[in-house]
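Coordinate analysis (summary)
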Amino acid sequence: MAALDLEPDPDRRPLTIASTAERGAIRRRWFLTAPALLVLILAASGPLLIVLAYSFLKAGAYGGVVWEFSGEAWFKVVFQRDIFDGTMSYADAHLSILWRSIKLSFLTTILAVALGFPTAYFIATRPPRTRNLWMFLITIPFWTNLLIRTFAIMEVIRNEGIVNTVLMSLGIIDEPIQMMYTNFAIALGMVYVYLPLMVLPIYASMEKLDFRLVEAGYDLYATRIRVFTRVIIPLVKPGIVAGFILVFIPALGAYVTPRILGGGKNMMLGNLIELQFGQGRNWPLGAALSITLLAIVMIALIVYVRGTRRAAGDHG
Amino acid sequence: MRDGGGTTKGIAVRGVSKVFDAAAAAVRALDDVSVTIHENEFFTLLGPSGCGKTTLLRLIAGFESPSAGEILLDGAPLAHLPPFRRPVNTVFQNYALFPHMSVMENVAFGLEMLGKPKREIEKTVNDMLRLVRMEELRDRATNKISGGQQQRVALARALAPRPKVLLLDEPLSALDLKLRKEMQIELKRLQKDTGITFVFVTHDQEEALTMSDRVAVMSQGKILQVGSPREIYEHPAKRFVADFIGETNYLEAEIVASGHGQAQIRLSSGAQIAASLPEGGRLTGKVTVVVRPEHASLTLDAAKATFSGRLENIVYFGTDTHYHVRLADGSLFTVRMQNARGHEETDRINAEVGVILAENAAQVLRD
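Definitions and cut-offs
- Residues numbered from 1 in each chain as written.
- Chains lettered and ligands numbered in written order.
- Predicted model: local features only at pLDDT ≥ 70, side-chain atom pairs only at ≥ 80, totals over all residues.
- Heavy atoms only, no water.
- Pairing = 2+ DSSP bridges.
- Helix = DSSP H or I, 4+ residues; strand = E, 2+ residues; numbered from the N terminus.
- Axes fitted to C-alpha atoms, helices over the stretch in contact; angles between N-to-C directions.
- Patch = residues over 30% accessible without salt bridge, like charges linked within 9 Å, V, L, I, M, F, W, Y side chains within 5 Å.
- Areas by Shrake-Rupley, 256 points an atom, 1.4 Å probe, with all protein chains shown as cover.
- Salt bridge = Lys/Arg side-chain N within 4 Å of Asp/Glu carboxyl O.
- Buried < 20%, exposed > 50% of the residue type's maximum accessible area, 1.4 Å probe, protein only.
- 1 Å grid on protein atoms, 1.4 Å probe; cavity = no way out; pocket = protein on both sides within 12 Å on 5 of 7 lines; lining within 4 Å.
- Points joined across faces, edges and corners; volume = space filled by probe spheres on them.
- Nonpolar A, V, L, I, M, F, W, Y, C, P; charged D, E, K, R; others polar.
- Phe/Tyr/Trp six-rings, centres within 6.5 Å; stacked < 30°, edge-to-face > 60°.
- Expected span 1.5 Å × (residues − 1).
- Arc of directions from axis to C-beta.
- Contact = heavy atoms within 4.5 Å.
- Polar contact = N/O pair within 3.5 Å; in protein donor to acceptor, adjacent residues only side chain to side chain.
- Buried area = accessible area lost by both parts, 1.4 Å probe.
- Parallel < 35°, antiparallel > 145°, perpendicular 65-115°, else oblique.
- Left-handed = near helix turned anticlockwise from the far one by under 90°.
- Domains from an automatic or database assignment.
- Core = buried A, V, L, I, M, F, W, Y, C linked by side-chain atoms within 4.5 Å.

1. Some details on the sheet that holds strand β9 (residues 214-219) of chain B
Residues and elements named next belong to chain B. One open sheet accounts for six strands, arranged β6-β7-β8-β3-β9-β10; its pairing is mixed. Bordering the open sheet on either side are β6 (88-91) and β10 (222-227), each of which pairs with just one other strand. Direction aside, the axes of adjacent strands within the sheet are offset by 20 degrees on average. Bridge count between strand β3 (residues 42-46) and strand β8 (residues 197-202): five bridges; the pairing is parallel. Considered in β8, the bridge of threonine 44 is made with phenylalanine 200.

Right under this line is the structure:
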């Protein structure tokens, strides 16, 4: 502004020129980002809006929807009506599937942290040259198709699988342990599949960790456990939270793993939604369940954002 | 050295070696180092980078363990104690303040880990923040304060648990010159106020001379000389020490007579002068003698001169002037004289001038 005051021109033309140019730049920026924005709106928000709209429509007899407003689908997410006397009760099947989804996803995430944190710590404390090799090994499972990896797990835990065969031949057990088609099988499969997604973000923040701070902790009379809880954990917390989200969200919507390892009876939300769009022929209910899943994910994300903002606030 | 073995207070480093096994070649960072650091002393480890001074500090802190030898604190060996059980705190080179804690929380950390009662922690933290003049910024995040302020927080954090020994690893190297000068005075004040033994690591000779009670000059994993700043500066025992601290002239000489730490030496010019002998040095034969430039002066009166030469160059430095004199044997001798008011500076380049050495100016080297 000081420079402008020295400008001899009394009608302050430079200011006008400058702001016109600026406005032009803003318009150009919008113009250049327009294609990306358009794709985002059409490809992301569009289908979502369709799903939302479908959840408020009537189900067609052979799938699809009838364009008529109805709250029936949303009602059915939580409640069920007796076919004979029409009395209302909670939809136990849906609620138990929902509960199992949250429970198993949470369990998967906790197990992934328990396994992923030491792994990330181990890799981050290797010499820099070998670190990349370890990270490379962590990503190897990604090279194989999810379906094949899941069938591989099945091969390990099924009744005639490796574990049972070995245990029986050693005489430890007389008859095979039923592991397939249980919640255990689903959790095992999901931990295996999502573990790298936990290791990567924790490793990323662990690698940035200044180990001189760990030394400072030891120097100030903190035992190994205290250094871990008071220095290391708070400093790599963003990585743990990111890993938590990266594992919890896809686990919640998991479809292939519970389908194969859980069989038909141990359904998760993903399978229930698939069922409604397929054999169930109730698209509105499928849509309403999808939105429910989305809502849970969003709540999880809000918790995450709150958590990181508080962490950022601590850091200043 | 002064420690006869009778006193057990302070730190005793006995025959300590440290070898780092780096893949192919083993690096001997410390080579049979023995030194005693007295209680309540401001002791400085001075040396160029890679001389082993930081390694010695880390051994005292407990971050490394010695390959050979032992370290005692107040007569008790430290070897079996992990860092968190040693009454020793460190001010790290980069301060290593916890970024997820406020200024106050950083200072309180050590006390909390020691399980002190809350009231006491609060009081000590307040006292410490007052001591380093950081009371107003107590709730700030540590990355929202300046380098000098971080430095002070690091000091307060390390002093709060009242350690027996405070280790300082080049704590001033990241600060600018003005702040460094201020902190030098501040550190000395803190050491006097708290009465804690300070072991200070630096490569800056000026820092070492201005703050220390005693200095150990280190090179290539060995301690070359230990003494007060004055002893180190005026009576360097080895060429490296003389070279590393200040400017020095070297003269070749021969010992004529010696005794009681003093010797009569004959310079190559033929003049005989008195010189101080180093501890454990040779008592006869050819030796090298050092003379600090400010301990010599110029004269035109040949009768008064110890030796003479041709004045080759005059360099003006404001407070003083350097005169470079080429001696008969071809070596260069520097004389530093203070610029007095009204002193007429005559340009006498290439003139034959005499050099007078001050009394006790010559120091015989051990090597």
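2. Examining a nonpolar patch on the surface
Residue and element names in this part refer to chain A. There is a patch of nonpolar side chains on the surface, built from Phe122, Leu133, Trp134, Phe136, Leu137, Ile140, Phe142, Trp143 and Leu200 and spanning about 840 Å² of accessible area. Looking at the nonpolar patch element by element, the count peaks at four residues for helix α5 (residues 128-139). Within the element layout of this structure, tryptophan 143 appears in the loop between α5 and α6 (146-157). Of the residues examined, tryptophan 143 reaches a relative accessible area of 59% and is grouped as exposed.

3. Quick notes on unusual backbone geometry
Glycine aside, residues mostly have negative phi angles, and peptide bonds mostly take the trans form. Of note in this structure, A:Arg281 is not a glycine but carries a positive phi near 50 degrees. Mapped onto the elements, A:Arg281 comes out in the loop between α12 (269-277) and α13 (283-315). For B:Asp74, which is not glycine, the phi dihedral falls at a positive 50 degrees. Residue placement: B:Asp74 occurs in the loop between β4 (68-73) and β5 (76-77).

4. Concerning empty space enclosed by the protein
By the definition in use, this model includes two cavities of 30 Å³ or more. There is about 50 Å³ of room inside the largest cavity. Surrounding the largest cavity, A:Glu215, B:Leu57, B:Arg58, B:Ala61, B:Phe63, B:Thr90, B:Phe92 and B:Asp169 form its lining. It is helix α1 (residues 53-61) of chain B that provides the largest number of residues to the lining of the largest cavity, a total of three residues. In terms of residue class, the lining of the largest cavity is built from four nonpolar, one polar and three charged.

5. Structural notes on the packing of aromatic side chains
All names here are of chain A. One pass over the structure, following the stated rule, counts 21 aromatic pairs over all chains. For the pair tyrosine 54 and tryptophan 67, a centre-to-centre distance of 6.2 Å together with 85 degrees between the ring planes defines the contact as edge-to-face. Taken together, the positions of tyrosine 54 in helix α2 (residues 13-54) and tryptophan 67 in strand β2 (residues 65-69) put the pair 13 residues apart, joining distant regions of the chain. For tryptophan 67, a relative accessible area of 65% puts it in the exposed group. On the basis of an interplanar angle of 70 degrees and a centroid distance of 5.6 Å, the ring pair of phenylalanine 136 and tryptophan 143 is categorised as edge-to-face.

6. Re α6(A)
Residue and element names in this part refer to chain A. For α6, spanning twelve residues, the distance from its first C-alpha to its last is 17 Å, which sits close to the expected 16 Å at 1.5 Å a residue. Turning to α6, its buried residues number three or more, namely Arg149, Thr150, Ile153, Met154 and Ile157. Axial view of α6: buried residues confined to an arc of 150 degrees, hence all on one face. Turning to α6, the residues buried within the fold contact α7 (162-169), α8 (183-208) and α11 (256-261). N-cap assignment for α6: the residue whose side-chain oxygen lies 2.6 Å from the backbone N of leucine 147 is asparagine 145.

7. Looking at the interface of chain B and chain A
At the interface, 29 residues of chain B touch 21 residues of chain A. Between chain B and chain A, a total of about 2,300 Å² is buried, with carbon and sulfur atoms accounting for 60% of that surface. At the junction of chain B with chain A, the criterion picks out two salt bridges. Across the salt bridge formed by A:Glu215 and B:Arg58, the nearest N and O atoms sit 2.6 Å from each other. Seen at the junction of chain B and chain A, the total is seven residue pairs in polar contact (both at pLDDT 80 or more). At the level of secondary structure, the elements contributing two or more residues to the side of chain B that touches chain A comprise α1, β6 and α2 (103-113) of chain B. The dominant element in the side of chain B that touches chain A, judged by the number of residues it contributes, is α2(B), at four residues. Taken together, the residues of the side of chain B that touches chain A break down into 18 nonpolar, six polar and five charged.

8. Observations regarding the environment of A:Gln80
All names here are of chain A. Here glutamine 80 shows up in strand β3 (residues 79-81). The partly exposed category is assigned to glutamine 80, whose relative accessible area is 35%. Linking glutamine 80 and alanine 93, residues 13 residues apart in sequence, is a C-alpha distance of 9.5 Å. Contact partners of glutamine 80, with chain neighbours within four places excluded, come to Thr87, Met88, Ser89, Tyr90, Ala91 and Asp92. Of the polar contacts made by the side chain of glutamine 80, one reaches the backbone oxygen of tyrosine 90; its length is 3.4 Å.

9. So, the packing of α6(A) against α8(A)
All names here are of chain A. Running from N to C, α6 and α8 cross one another at 135 degrees; their axes reach a closest spacing of 10 Å. With respect to α8, the element α6 is oriented oblique. Crossing angle aside, the handedness with which α6 passes α8 is right-handed. Taken together, the residues of α8 that come into contact with α6 (itself represented by Leu146, Arg149, Ile153 and Ile157) are Ala185, Leu188, Tyr192 and Val193. Residues of the contact of α6 with α8, tallied by class, amount to seven nonpolar, no polar and one charged.

10. Some words on the domain arrangement of chain B
Residue and element names in this part refer to chain B. The domain architecture assigned to chain B consists of domain 1 (1-87 + 204-246) and domain 2 (247-364). Distance from the C-alpha centre of domain 1 to the C-alpha centre of domain 2: 33 Å. Each partner contributes residues to the interface: domain 1 has twelve residues there, and domain 2 has 15 residues. Buried surface at the junction of domain 1 and domain 2, both sides included, amounts to about 1,000 Å², of which 41% is carbon and sulfur. The largest share of the area that domain 1 buries against domain 2 comes from Tyr233, His235 and Arg239, three residues that together contribute 45% of it. Applying the counting rule to domain 1 against domain 2 returns zero salt bridges.

11. A closer look at the nonpolar core
In terms of nonpolar packing, the biggest core is built from 70 residues, with A:Met206 and B:Ile11 touching the most fellow members. For this core, the leading source of residues is α8(A), giving ten residues. Look past the residues within four positions of B:Ile11 in its chain and what remains in contact with it is B:Val35, B:Thr36, B:Ile37, B:Ile60, B:Ile71, B:Leu72, B:Leu73, B:Val165 and B:Val199. B:Leu129, B:Leu168, B:Leu175 and B:Phe198 belong to the second largest nonpolar core, which has 35 residues in total.

12. Some details on the domain arrangement of chain A
Residue and element names in this part refer to chain A. The domain boundaries assigned to chain A delineate domain 1 (2-54) and domain 2 (89-315). Each of domain 1 and domain 2 has a C-alpha centre, and these two points are 42 Å apart. Listed per partner, the contact involves four residues of domain 1 and six residues of domain 2. Both sides together, the interface formed by domain 1 and domain 2 hides about 420 Å², and carbon and sulfur atoms give 87% of it. When residues of domain 1 are sorted by the area they lose upon contact with domain 2, Leu48, Val51 and Tyr54 head the list and together hold 86% of the total. The interface formed by domain 1 and domain 2 contains zero salt bridges. At the boundary of domain 1 with domain 2, the tally comes to zero residue pairs in polar contact (both at pLDDT 80 or more). Grouping the amino acids of the side of domain 1 that touches domain 2 by side-chain chemistry returns four nonpolar, no polar and no charged.

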